[in-house]
Amino acid sequence: MLCTSITVRFYNETGKLTSLLEKRRNLHRHLTDRQDENARLRAEIERLEPLANLGTLTYMIAHEVNNLLTPLRNYAELAMAHGGDAKLAAKALCKTARNCERAAAVMEGLLGLAEGSRRPAEVVSAVELVDGAFACICRDLSKDGIDVRVHVAPQARVQVAAAQVQQALMNLIINARQAMLPGGGILTVEAVVEGPMTRISVTDTGPGIEPGVMGRIFEPFFSTKGPEGSGLGLAFCKKVVEAHRGNIRVESSPGRGACFTIALPSAGG
Ligand SMILES: Nc1ncnc2c1ncn2[C@@H]1O[C@H](COP(=O)(O)OP(=O)(O)OP(=O)(O)O)[C@@H](O)[C@H]1O
Ligand SMILES: [Mg+2]
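Residue positions are given per chain, counting from 1 as you read along its sequence in written order. Chains and ligands are labelled by the order in which they are written, letters from A for the one and numbers from 1 for the other. Only residues with pLDDT of 70 or above have their local features reported here, since the model is predicted, and side-chain atom pairs are shown and tallied only from 80 upward, although totals for entire chains, interfaces and linings are computed over all residues.

J.: Looking at this structure, I do not really get the overall build of the protein. What am I missing?
T.: Helix and strand assignments come from DSSP, with helices taken as H or I runs of at least 4 residues and strands as E runs of at least 2, each series counted from the N terminus. On a plain count of helices and strands, the protein comes out with 6 helices and 7 strands. Ordered by position from the N terminus, the helices and strands of the protein form the series α-α-β-α-β-β-α-β-β-α-α-β-β. Taken along its principal axes, the extent of the C-alpha atoms in the protein is 120 × 45 × 40 Å. Looking at the protein residue by residue over its 269 residues, the buried ones come to 28%. Here a residue counts as buried when 20 or more other C-beta atoms fall within 10 Å of its C-beta, as exposed when 12 or fewer do, and as partly exposed in between; the C-beta atoms come from the backbone.

In structure tokens:
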């Protein structure tokens, strides 16, 4: 009797052990399969990532081409509308030609981004970068009720692909202008040297940014402007600034405007 119960127990325990071992083996097989699958998916992501980046970059370049073409069209239309006023027409055409040159330089800078390499960096003053950004916008902001204040330290110099950084600043200025429409406000552009970095900030007195969207504004295609916005301006700025080993920050609270600051390594710093 005792012998039978021991034998039964023995068989039961052995059975349990066998099924435990089987379970363990299954789990191990499952884990190995998952690890293989994981490695395969990672490799796939690595393969597709450059393609996805290229797709976003293509959109960004189209976005910047559009930013450059709008003022060109405005000048050309101005010349056409004032054909009778030879002096004004000539001035508008001169600005159109000058801005075509700028657009060509900017295009070259943008192609540098697409190639994944930066164009040879040049030493350029913050004054030139800020002037270039305003010149590309080709718009008298006072007509929008915007009071422009520029305080740029004359000694502020950075070593950058100038056309790209100028285009990034232009996006910040366009956003600031859009934020202050239709009522107008104050646009302040400042540049200071702080140790090894040069900081260029664009501040507006618009409605500011809701905390709920703050974490998303640099994402490609994120926009709160409906069909008017493609959500590429800030993503472009971030890409350019980071390609120059810099960073971009924003400070804002609802009703109190927004201040975007790009920090770039100072030339020789
Ligand atoms: N100065 C600003 N004031 C308030 N909100 C801003 C400001 N700048 C950016 N934003 C917010 O960040 C979002 C993303 O800006 P971003 O420039 O990337 O795209 P967008 O201006 O919407 O479209 P676009 O591609 O035409 O530039 C905006 O939709 C807006 O919600
Ligand atoms: Mg924008």
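J.: Teacher, can you tell me more about unusual backbone geometry here?
T.: Backbone geometry follows two general trends: most residues other than glycine have a negative phi, and most peptide bonds adopt the trans configuration. Put simply, Leu181 and Pro182 share a cis peptide bond, and its omega is 0°. Examined against the element boundaries, Pro182 turns out to sit in the loop between α4 (162-180) and β4 (185-194). Phi at Phe221 is positive, roughly 75°, even though this residue is not glycine. Note on placement: Phe221 falls in the loop between α5 (211-214) and α6 (233-243). Looking at Phe221, the number of C-beta atoms within 10 Å reads 11, which means it is exposed. Residue Arg245 is not a glycine yet carries a positive backbone phi of 60°.

J.: What is the right way to look at the site of ligand 1 in this model?
T.: Residues in close proximity to ligand 1 total 22 residues, the closest being Ser223, Thr224, Gly229, Gly233 and Leu234. Of all elements in the fold, only α4 and α6 reach the threshold of two or more residues within the shell around ligand 1. Among the elements that take part in the shell around ligand 1, α4 stands out by supplying 4 residues, more than any other. Just so you know the grouping, Ala, Val, Leu, Ile, Met, Phe, Trp, Tyr, Cys and Pro go in nonpolar, Asp, Glu, Lys and Arg go in charged, and all remaining residues, Gly too, go in polar. A class-by-class count of the residues in the shell around ligand 1 yields 10 nonpolar, 10 polar and 2 charged. Here is the check we use: build the C-beta atom from the backbone, and if it is within 6 Å of the molecule or strand, call the residue near.

J.: What is the right way to look at the sheet that holds strand β7 (residues 258-265) in this model?
T.: Strand pairing in a sheet is mediated by backbone hydrogen bonds. Such pairs are either parallel or antiparallel. Spatially, β2-β4-β5-β7-β6 is the arrangement adopted by the 5 strands of the open sheet, whose pairing is mixed. Whereas interior strands pair on both sides, the edge strands pair on one side only; in this sheet they are β2 (146-152) and β6 (247-252). Each strand of the sheet is rotated relative to its neighbour by a mean of 15°, with strand direction disregarded. Strand pairing follows a simple DSSP-based rule, namely that at least 2 bridges must link the two strands. The pairing of β2 with β4 spans 7 bridges and is classified as parallel. Across the sheet, Arg149 pairs through a bridge with Thr188, a residue of β4. Sitting on the sheet, α4 is in contact with β2, β4, β5 (197-204) and β7, with an inclination near 20° to β5. We call two residues in contact when the distance between their C-beta atoms, placed using the backbone, is within 7 Å. Angles run from 0 to 180 degrees between N-to-C directions of axes, and those axes are lines fitted to C-alpha atoms, restricted for helices to the stretch in contact. Along the sheet face, α6 touches β6 and β7 and points at about 135° away from the line of β6.

J.: Would you take a moment to explain the packing of α4 against α6 for this structure?
T.: The packing of two helices is summarised by the inter-axis angle and the distance between the axes. Here α4 crosses α6 at 150°, and the two axes come no closer than 9 Å. On the basis of their axis angle, the class for α4 and α6 is roughly antiparallel. In this structure, α4 meets α6 at a crossing whose hand is left-handed. For the pair formed by α4 and α6, the contact residues are Gln164, Val165, Ala168, Asn171, Leu172, Ile174 and Asn175 on the first element and Gly233, Phe236, Cys237, Val240 and Val241 on the second. Residues of the contact of α4 with α6, tallied by class, amount to 8 nonpolar, 4 polar and no charged. Here the angle decides the label: under 35 degrees means roughly parallel, over 145 means roughly antiparallel, 65 to 115 means roughly perpendicular, and every other value means oblique. Crossings are sorted by hand: turned counterclockwise from the far helix by less than a right angle, the near helix makes the crossing left-handed, and turned clockwise it makes it right-handed.

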